[in-house]
Amino acid sequence: MKRKRSEKLFFILSSVILLPLILTVFWSFSVRWRFPDLIPQKMSLYGWNALVRSGDLRVLASSVLLSLCVSLLTLLIAFPAAKALSYDFKGKRFFDTLVFMPVIIPVTAISMGIHTEFIKMGLAYSAGGVILLQIFPCLPYAVRILKNVFGYIGDDLENQSRLLGASWFQTMKEVTVPLIFPGIMSAFFMVFVVSFSEYFITLLIGGGLTETFAIRMFPYLEGSNRTVSSAYVTVFTSVTVLFLLLTEKALKKHYRKKVREYFYV
Amino acid sequence: MVFVIYYGLAGGLKQSLGYIPGLGKYEITLRYYKELLRDPEFSRSLLFTLRYTVIATALSVALGVLGAQWLRSFKKTEPAELIIRIPVVIPFLAASLYTILVFSSTGFIARILNPFGLTFQGFTGEENGIGIILTFIWKSTPYVMLTVFALLRKMSGTFEEVSENLGAGKIRTFFTITLPLIKEEVLTVTIILFSFIFGSYEVPMLLGPTSPKAISVFAHHEYLDPLMESRARAMAASLLQTVCGIFIALLLLFLFKGRRIRHEKKKI
């Protein structure tokens, strides 16, 4: 009896989660879906046509590129930071909080404040400025994930490697990175999503000259055109999901390699 | 190890570059702050934002924790985990659209109820911000569930088994044993959620009413005003928002950590 109840709850849960997704896809194909009907009256590719014709697919590509840049840069900074934070040292609490700051401070406050500085530095209205500032909200996520992984793995293997004579670069390449790999993938994905969905920073700093897909999508969401909004959102979500699948695949490949190595030892 | 710490510092420096200039744009007079505090629009925004943040956070955490507990009773957790990960992965801009599609006055729920002669008012753009709350719940509850569940999985169930063996009912066990064990993690998640929702701009912008605005929206609105004065007001508003957020986060932290400190002293 209990199992049946759990299953029913599970069914409700899945539908709550999956329903909007299916609905969105439906909407993206419907041209007329007047109020009380449960099924669209007229379906066509109108919404999708509009999407393709507006040239926003190119913006999509550049947004993905931009977010990839952000992800890479963030990870580069987060990696050593997380490693450092997984040890105990004198100012640790301070740095911990420091890294945590972007989560608590509203993005809007930072962006508006730094906007003028950026203009002075010539970073406003450029992709560089956007990338730079996006690192800010992305960092805490990356550091947090990597820090946990570092803490979990421990540094024995690395110490061993150094003791046996490897340089720190070799150690990093052959020992640390493979060990941390799932963490890296996870952090990479997380940062990508945050960056890709980031609207405010791009809006303010990009100022109309730098656009991401999220920026292009927003006005449609505000307006009442559900068809086109749904098309955009479907693309938006698909990119995210695709990225998730890619990272998962990379992980699986990595594990398969590792398992083989273990067996040979 | 020195190089590692050095890079850590660099990371921290990146942070200070981020938020100190943010503070550098306010005038030397406190006039704007006083104006702002007296502005009824501002206080309404603040209250509104606080209100939906608290409700959304509380509900998400409560549901999430319960959900995590429920997940433990599953034999095969894989499919559940997969489905629950979906809202976490989906950007919340998209989630806002979902709320519109499902919950607005012409949305899915309205259509289902309609043949029964029930009218459904719709949750978008309305004064209580229920739509905003729902969107955040949809996205945050699974996040809480996953985080807490991961934690629960690592814990061994021995304490709970003992408790039940000694006769405590399932509910009592949950409150006296399970909850205190996960308290710290739950607290962290709560703070994160709260800060995030409090400072969120996109969701209330899309789903919120024109008045009262959420604070982020309010600040941004002021910022765009061509009057130079309004810029200062916007900055003041943002700063107040930041201070508020930090204050509440610290409050929550001390409220709960304080208890722990007392506990540890007892042990000694």
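Residues numbered from 1 in each chain as written. Chains lettered and ligands numbered in written order. Predicted model: local features only at pLDDT ≥ 70, side-chain atom pairs only at ≥ 80, totals over all residues. Heavy atoms only, no water.

## Some remarks on the overall build of chain B
Counting secondary structure elements, chain B contains 12 helices and zero strands. Scanning chain B from its N terminus toward the C terminus, one meets helices and strands in the order α-α-α-α-α-α-α-α-α-α-α-α. Residues counted as buried form 49% of the 268 residues belonging to chain B. Of the contacts made within chain B by residues no fewer than 6 positions apart, 77% connect residues no fewer than 24 positions apart. For chain B, the exposed area adds up to about 13900 Å²; of that, 68% sits on carbon and sulfur atoms. (Helix = DSSP H or I, 4+ residues; strand = E, 2+ residues; numbered from the N terminus. Buried < 20%, exposed > 50% of the residue type's maximum accessible area, 1.4 Å probe, protein only. Contact = heavy atoms within 4.5 Å. Areas by Shrake-Rupley, 256 points an atom, 1.4 Å probe, with all protein chains shown as cover.)

## Some words on the overall build of chain A
Looking only at helices and strands, one finds 11 helices and two strands in chain A. Moving toward the C terminus, one meets the helices and strands of chain A in the order α-β-β-α-α-α-α-α-α-α-α-α-α. Across the 265 residues in chain A, those meeting the buried criterion constitute 49%. Total accessible area computed for chain A in this model is approximately 13900 Å², and 66% of it derives from carbon and sulfur atoms.

## A look at the packing of helix α3 (residues 56–85) of chain A against helix α6 (residues 127–153) of chain A
Residues and elements named next belong to chain A. Two elements in contact, α3 and α6, have axes separated by 6 Å at closest approach and are oriented at 40°. The angle between the axes of α3 and α6 places the two elements in the oblique class. When the axes of α3 and α6 are compared, the crossing they make is right-handed. (Axes fitted to C-alpha atoms, helices over the stretch in contact; angles between N-to-C directions. Parallel < 35°, antiparallel > 145°, perpendicular 65-115°, else oblique. Left-handed = near helix turned anticlockwise from the far one by under 90°.)

## Examining the side chain of Thr141 of chain B
All names here are of chain B. Tracing the chain through its elements places Thr141 in helix α7 (residues 130–154). Only 2.8 Å separates the side chain of Thr141 from the backbone oxygen of Ile137, close enough to count as a polar contact. Excluding residues that lie within four positions of it along the chain, Thr141 makes contacts with Ser60, Leu63, Gly64 and Phe136. (Polar contact = N/O pair within 3.5 Å; in protein donor to acceptor, adjacent residues only side chain to side chain.)

## Considerations on the confidence of the model for chain B
Residues and elements named next belong to chain B. Looking at chain B as a whole, the pLDDT averages 69, with 59% of positions reaching at least 70. When the elements of chain B are averaged for pLDDT, helix α1 (residues 2–23) gives the smallest value, 50, and helix α3 (residues 40–71) the largest, 80. Per-residue pLDDT stays below 50 along residues 260–268; that stretch engages in one contact with residues further than four places along the chain or on separate chains. Overall fold confidence (pTM) sits at 0.75, and the ipTM for the predicted complex is 0.72. (pLDDT = per-residue confidence, 0-100.)

## Re the packing of aromatic side chains
For any pair of aromatic rings, the description rests on two quantities: the centre-to-centre distance and the angle between the ring planes. Taken as a whole and judged by the stated rule, the model has six aromatic pairs over all chains. Between Phe192 of chain A and Phe196 of chain A the ring centres are 5.5 Å apart and the planes differ by 10°, which places this aromatic pair in the stacked class. Highlighted residues: Phe192 of chain A and Phe196 of chain A, both in helix α8 (residues 168–197), separated by four residues, approximately one helical turn. Taking the centre distance of 5.9 Å and the plane angle of 10° together, the rings of Phe194 of chain B and Phe198 of chain B count as stacked. (Phe/Tyr/Trp six-rings, centres within 6.5 Å; stacked < 30°, edge-to-face > 60°.)

## What about α6 of chain A?
Residues separated by three or four positions in an α-helix point in the same direction, a consequence of the helix having 3.6 residues per turn. Residue and element names in this part refer to chain A. Spanning 27 residues, α6 covers 37 Å between terminal C-alpha atoms, matching the ideal 39 Å at 1.5 Å per step. Maximal helix bending in α6 amounts to about 45°, located at Cys138; proline Pro140 follows within four positions. Downstream of α6 by one or two residues, Gly154 has phi in the positive range, about 80°. (Expected span 1.5 Å × (residues − 1). Bend = angle between axes of the 7 residues up to and from the residue.)

## A few points about the environment of Ala78 of chain A
Residues and elements named next belong to chain A. Relative to the assigned elements, Ala78 resides in helix α3. In this structure Ala78 comes out as buried when scored by relative accessible area, which is 0%. Among residues more than four places away in sequence, those in contact with Ala78 are Leu139, Ala142, Val143 and Leu146.

## With respect to the confidence of the model for chain A
Taken over all residues, the pLDDT of chain A has a mean of 74, while the share at 70 or more is 82%. Within chain A, the element-level pLDDT minimum falls on strand β1 (residues 30–32) of chain A, averaging 65, and the maximum on α8 of chain A, averaging 79.

## Digging into the side chain of Thr190 of chain B
All names here are of chain B. Here Thr190 shows up in helix α9 (residues 170–199). Assessed through its relative accessible area of 18%, Thr190 is described here as buried. Not counting chain neighbours up to four residues away, the residues in contact with Thr190 comprise Thr57 and Val61.

## Considerations on the environment of Gly199 of chain B
Summarising the element assignment, Gly199 of chain B is placed in helix α9. Under the relative-accessibility criterion, Gly199 of chain B is labelled buried at 9%. Along the sequence, Gly199 of chain B and Gln241 of chain B sit 42 residues apart, while their C-alpha atoms lie 7.9 Å from each other. Every residue in contact with Gly199 of chain B, bar those within four places of it in the chain, is listed here: Pro106 and Thr108 of chain A together with Ser216 and Gln241 of chain B.

## Concerning the environment of Leu146 of chain A
Looking at the element boundaries, Leu146 of chain A is found in helix α6. Measuring from C-alpha to C-alpha, the distance between Leu146 of chain A and Glu7 of chain A comes to 35 Å, with 139 residues separating the pair along the chain.

## A word on the packing of helix α7 (residues 156–163) of chain A against α8 of chain A
Residues and elements named next belong to chain A. Close contact between α7 and α8 brings their axes to 10 Å; oriented N to C, the two are set at 155°. If you check the angle between α7 and α8, you find them roughly antiparallel. Helix-helix and strand crossings are classified by hand; for α7 and α8 the assignment is right-handed. Of the residues in α8, those in contact with Leu157, Glu158, Ser161 and Arg162 of α7 are Trp168, Thr171, Val175, Thr176 and Leu179. Classifying every residue of the contact of α7 with α8 by side-chain character gives four nonpolar, three polar and two charged. (Nonpolar A, V, L, I, M, F, W, Y, C, P; charged D, E, K, R; others polar.)

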